[in-house]
Amino acid sequence: MADPSSWWGTRALSRSGQPVRDPDQPVPVSATLLKSVAVCPTQWFLEREAGGVARAHQSANLGEILHELAQRVARGELEPDVDRLMEQVDAVWDRLDFRTPWSKAREHDRVRAAVGRFLQWHLANPRRLLATEEPFTAVVELDDGEHGGAERVLITGYADRVELDADGNVVVVDLKSGRAKPSNKAVESDVQLGLYQYAVDHGALDELAPGARAGGAELVQLGLTDGGET
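It should be emphasised that the depicted structure is a prediction, and the values quoted were computed from it without experimental measurement.

Engineer: Just give me the short version of the overall build of the protein chain, but keep the residues and values in it.
Structural biologist: Looking only at helices and strands, one finds seven helices and five strands in the protein chain. Sequence-ordered secondary structure for the protein chain, helices as α and strands as β, is β-α-α-α-α-α-β-β-β-α-α-β. In the protein chain, which comprises 230 residues, the share counted as buried stands at 33%. Look at the contacts in the protein chain between residues 6 or more apart in sequence, and 68% of them connect residues 24 or more apart.

Engineer: Quick rundown of the side chain of D174? Include the residues and the values.
Structural biologist: With respect to the element layout, D174 can be found in strand 4 (residues 170-176). We classify D174 as buried; its relative accessible area is 5%. Looking at D174, its side chain comes within polar contact range of the side chain of K176, at 3.2 Å. Filtering out sequence-adjacent residues up to four positions away, D174 remains in contact with D160, Q192, L193, E218, L219 and V220.

Engineer: Quick rundown of the packing of aromatic side chains? Include the residues and the values.
Structural biologist: Evaluation of the coordinates by the stated rule reveals three aromatic pairs. For the ring pair W93 and F98, a centre distance of 5.1 Å and an interplane angle of 35° mean the geometry is tilted. W93 sits in the buried class, given a relative accessible area of 5%. Arranged with centres 6.2 Å apart and planes meeting at 40°, the rings of F118 and W121 form a pair that is tilted. Taken together, the positions of F118 and W121, both in helix 5 (residues 101-124) and three residues apart, correspond to about one turn of that helix. By the burial criterion, F118 is buried, and W121 matches it.

Criteria and cut-off values
- Throughout this description, residue numbers start from 1 for each chain and increase along the sequence as written.
- It should be noted that, the model being predicted, local features are given only for residues of pLDDT at least 70 and side-chain atom pairs only at 80 or more, the latter also being counted only at that level, while totals for whole chains, interfaces and linings use all residues.
- Hydrogens and waters are ignored; side-chain quantities use all the structure's heavy atoms.
- In this text, helices come from DSSP runs of H or I with a minimum length of four residues, and strands from runs of E with a minimum of two, each type numbered from the N-terminal end.
- Under the scheme applied here, a residue whose accessible area is under 20% of the maximum for its type counts as buried, over 50% as exposed, and between as partly exposed, the area being computed with a 1.4 Å probe on protein chains only.
- Note on definitions: a residue-residue contact is assigned when non-hydrogen atoms from the two residues lie within 4.5 Å.
- In protein, a polar contact requires one atom able to donate a hydrogen and another able to accept it; more generally it is a pair of N or O atoms within 3.5 Å, and residues adjacent in sequence count only if both atoms are side-chain atoms.
- The aromatic pairing rule takes the rings of Phe, Tyr and Trp, using the six-membered ring of Trp, and pairs them if the centres are within 6.5 Å, calling planes under 30 degrees apart stacked, those over 60 edge-to-face and the rest tilted.

Now the structure itself:
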């Protein structure tokens, strides 16, 4: 029988007495949520809403190392020198798990190249740094698509760097450490960068730059493509 009610071992349909979201509060939205839902709504629900846990990939650990180094360099806590920064990497390197010795050596070379790429960009960047790893929120009203009604949405996120350009506009910078280098077309339509600028224009970073408007967003590719160094 195809009727699920006749399947052995299945439980009866259950309903919660409480809604998943408080109807009186803005709906929380982030760039990660939008990307995940666009790829697979079911996977997003199971991992984020139903309490599923996904194991962190090794590349995520390497990305965390790169972001931490970039943040400490920006704050003046570490000297902007590749060898000095790799000393910080080597201090924690043996705590990471790698599948093979050769992959461990390969990833070490990859991190060193990424560190050098970040320093080259950082030292040549003409904009003024306002903050690193900055959390932001903005509440906006959007058309709910029904009878001209409106829905309040809470935009949340973290900006790797928040900067001011020469015209006093806010530029949000996203540091990427993955292997794949997105195309120019993909960057232009990137959900995360677009959402950051939308949030800035709706007051998300007014505490850092009162009244400033979004002056664009930049994606800085630090990692390596599958074909080699970029």
